[in-house]
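Single-letter residue listing:
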Amino acid sequence: MALVSTNSLTSLLFITSSLLLLLGSFHGTKAQSTPPIVNGLSWTFYDSSCPKLESIVRKRLQKVFKDDVGQAAGLLRLHFHDCFVQGCDGSVLLDGSAGKPSEQQAIPNLTLRLESFKIINDLRSRVQKECGTVVSCSDITALAARDAVYLTGGPEYDVPLGRRDGLNFATANATIANLIPPFANASTILTSLATKNFDATDAVALSGAHTIGRGHCTSFTARLYPNQDTTMDKTFANNLKGVCPTKDSNNTTIMDIRSPNKFDNKYYVDLMNRQGLFTSDQDLYTDGRTRGIVTSFAVNQSLFFEKFVDAMIKMGQLNVLTGTRGEIRANCSVRNSDNSFLSTGVEMGQIGLAQS
Ligand code: HEM
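Conventions and cut-offs
- Residues numbered from 1 in each chain as written.
- Predicted model: local features only at pLDDT ≥ 70, side-chain atom pairs only at ≥ 80, totals over all residues.
- Heavy atoms only, no water.
- UniProt positions renumbered as here; feature names shortened; annotations may be inferred.
- Helix = DSSP H or I, 4+ residues; strand = E, 2+ residues; numbered from the N terminus.
- Contact = heavy atoms within 4.5 Å.
- Donors = N, O, S within 2.8 Å, 3.2 Å for Na, K, Ca; no water.
- Disulfide = S-S within 2.5 Å.
- Buried < 20%, exposed > 50% of the residue type's maximum accessible area, 1.4 Å probe, protein only.
- Phe/Tyr/Trp six-rings, centres within 6.5 Å; stacked < 30°, edge-to-face > 60°.
- Near = heavy atom within 4 Å.
- Polar contact = N/O pair within 3.5 Å; in protein donor to acceptor, adjacent residues only side chain to side chain.
- Nonpolar A, V, L, I, M, F, W, Y, C, P; charged D, E, K, R; others polar.
- Salt bridge = Lys/Arg side-chain N within 4 Å of Asp/Glu carboxyl O.

For the protein, an unreviewed UniProt entry supplies the name Peroxidase and the organism Coffea arabica. According to its UniProt record, the protein has this under Subcellular location (unreviewed entry): "Secreted".

### Quick look at the UniProt feature "site: Transition state stabilizer" (unreviewed entry) in the protein
Those residues carrying the UniProt feature "site: Transition state stabilizer" (unreviewed entry) are Arg 77 in this numbering. Tracing the chain through its elements places Arg 77 in helix α3 (residues 70-84). In this structure, Arg 77 is in contact with Pro 108, Thr 111 and Leu 112, ignoring residues within four places of it in sequence.

### Describing the coordination of the iron atom of the ligand
Here the protein supplies the iron atom of the ligand with just one donor, His 210 (NE2), and that contact is 2.1 Å long. Here His 210 lies in the loop between α8 (200-207) and β1 (214-216).

### Some details on the UniProt feature "binding site: Ca(2+) 1" (unreviewed entry) in the protein
According to UniProt, the positions carrying the feature "binding site: Ca(2+) 1" (unreviewed entry) are Asp 82, Val 85, Gly 87, Asp 89, Ser 91 and Glu 103. Over a stretch of 22 residues, the named residues converge on one spot in the fold, their C-alpha atoms separated by at most 12.6 Å. Among the secondary structure elements, Val 85 is positioned in the loop between α3 and α4 (114-131). Among residues more than four places away in sequence, those in contact with Val 85 are Ser 91, Glu 103, Ala 170, Ala 174, Thr 175, Asn 178 and Leu 179. Along the chain, the position of Gly 87 falls in the loop between α3 and α4. In contact with Gly 87, other than residues within four places in its own chain, are Asp 82, Leu 318 and Asn 319.

### Comments concerning the state of the cysteines
Using the criterion set out here, one finds four disulfides in the structure. Here Cys 50 pairs with Cys 131 through a disulfide, and the sulfurs are 2.0 Å apart. A torsion of 70 degrees about the S-S bond marks the disulfide between Cys 50 and Cys 131 as right-handed. Here Cys 50 is found in the loop between α1 (6-24) and α2 (53-67), whereas its partner Cys 131 is found in helix α4, with 81 residues between them in sequence. For Cys 131, a relative accessible area of 17% corresponds to the buried category. The disulfide partner of Cys 137 is Cys 332, and the gap between their sulfur atoms is 2.2 Å. Looking along the S-S bond of the Cys 137-Cys 332 disulfide, the torsion reads about -90 degrees, which is the left-handed sense. You can see Cys 137 sitting in helix α5 (residues 137-151) and its partner Cys 332 sitting in the loop between α13 (301-315) and α14 (340-343), a full 195 residues away along the chain. Assigning the bonded cysteines of the protein consecutive numbers by sequence position, one obtains the connectivity 1-4, 2-3, 5-8, 6-7.

### Focus on the packing of aromatic side chains
Summed over the entire model, instances satisfying the criterion amount to twelve aromatic pairs. With 6.0 Å between their ring centres and 45 degrees between their planes, Phe 263 and Phe 305 make a pair best called tilted. A residue pair is termed long-range when its members are at least 10 positions apart, and Phe 263 in the loop between β2 (252-254) and α10 (266-272) and Phe 305 in helix α13 qualify at 42 residues. Judged by relative accessible area, which is 0%, Phe 263 ranks as buried. Given the relative accessible area of 14%, Phe 305 is considered buried. Where Tyr 268 meets Phe 304, the ring centres are 4.9 Å apart and the plane angle is 70 degrees; that geometry is what we call edge-to-face. Of this pair, Tyr 268 sits in helix α10 while Phe 304 sits in helix α13, and the two are 36 residues apart along the sequence. Pair check on accessibility: Tyr 268 and Phe 304 agree, each one buried. One aromatic cluster in this structure is built from Phe 263, Tyr 267, Tyr 268, Phe 297, Phe 304, Phe 305 and Phe 308.

### Some remarks on the site of the ligand
As a matter of local geometry, the ligand sits amid 23 residues, with Arg 113, His 210, Arg 214, His 216 and Ser 219 nearest to it. Residue His 210 places a side-chain N or O atom 2.9 Å away from a nitrogen atom belonging to the ligand. Separating an oxygen atom of the ligand from a side-chain N or O atom of His 216 is a distance of 2.6 Å. Where the shell around the ligand is concerned, the elements lending two or more residues are α3, α8 and β1. Residues belonging to the shell around the ligand are distributed by class as follows: eleven nonpolar, nine polar and three charged.

### Brief notes about unusual backbone geometry
With omega at -5 degrees, the peptide bond leading from Tyr 225 into Pro 226 counts as cis. Along the polypeptide, Pro 226 turns up in the loop between β1 and α9 (234-243). A positive phi angle, close to 75 degrees, is found at Asn 197, a residue other than glycine. The class for Asn 197 is exposed, based on a relative accessible area of 63%. Positive phi, normally seen in glycine, also occurs at Asn 319, with a value near 40 degrees. Mapped onto the secondary structure, Asn 319 falls in the loop between α13 and α14.

### Some details on the pattern of salt bridges
Per the counting criterion, the structure on display carries 15 salt bridges. Across the salt bridge formed by Glu 130 and Lys 52, the nearest N and O atoms sit 3.5 Å from each other. In this pair, Glu 130 sits in helix α4 while Lys 52 sits in the loop between α1 and α2, placing the two residues 78 residues apart along the sequence. The partly exposed category is assigned to Glu 130, whose relative accessible area is 45%. Lys 52 sits in the partly exposed class, given a relative accessible area of 45%.

Structure below.
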């Protein structure tokens, strides 16, 4: 019988432990390429401080979406509006006051769903009950957006965590300047997204979020009245006129006529059939720089999912606060220094210290 030398035993141990290390660096079992992660965020941030975080959020949202699937769209959009204005710092969640209007009062945010804010606060208190004040509202918003995608049929992906909550909200002007209006064309979208380091593929992939959810008439009636947009399918336009009999009608309609509540690639099929709801959607198919990308997603859902996940992970890391910057808000709607419950000193000791 051949004897194993100490040297080969050492090599074997080395190879085994290297293999284990390598395997350990793959998080979860999902097919996910990993775009670069900014300093301070990590895939395992709450693994010891709040191991049940992701299951608490997912379980609750499963119930919420079962009762009303539209809430998934609301939460996905909320994360986008958080990240594009001043970074993913939960600033969109902050309530304003009469003298100091918050981001919520700026025009693009007036159509966010009020329920979305309630859902985030409810998740926040469920997580708080389990783990204390350790998880930020901005992280909860990022997880809720991820679950909105997954639970409506979209890709499963991991979210790097460790964001902290901002201490201030942006002005109305800054909010408007960072959120693209629905009448924007592809040029405006490409230029605006390039300032945040997104390329044309990211821009088309992110717009694919419009595969779920709704739009108010006022977001698209300029395409119907006084003249009908020539890039819009005629039957589609006539149906929209039925939903929105006047330019200022208060009604809403679905954004993806093929599968309004399912996260899939049908949005791109809509665009190819000139059935995109907003100019900002349809022009992605009209413009030669993005048309090919739209087609590639329309014919290949896996490609769309892959590019969407990449772009979402990128978006979710825009100007994040990490380390000791910002705070861990106890109530997502108010910063801790304005929180009258906290100012009694009851919980102050905990806030913001748990992860710093
Ligand atoms: C390219 C620029 C974009 C423009 C111009 C845009 C514009 C809009 C507008 C006007 C609405 C409808 C608001 C209303 O009338 O109720 C809307 C809804 C929505 N947007 Fe976007 N959006 C853009 C990008 C994104 C991105 C990047 C995401 C997420 C990753 C997103 C997710 C959504 C969702 C899910 C809804 C439906 C919300 C609901 O049903 O409550 N949008 N968007």
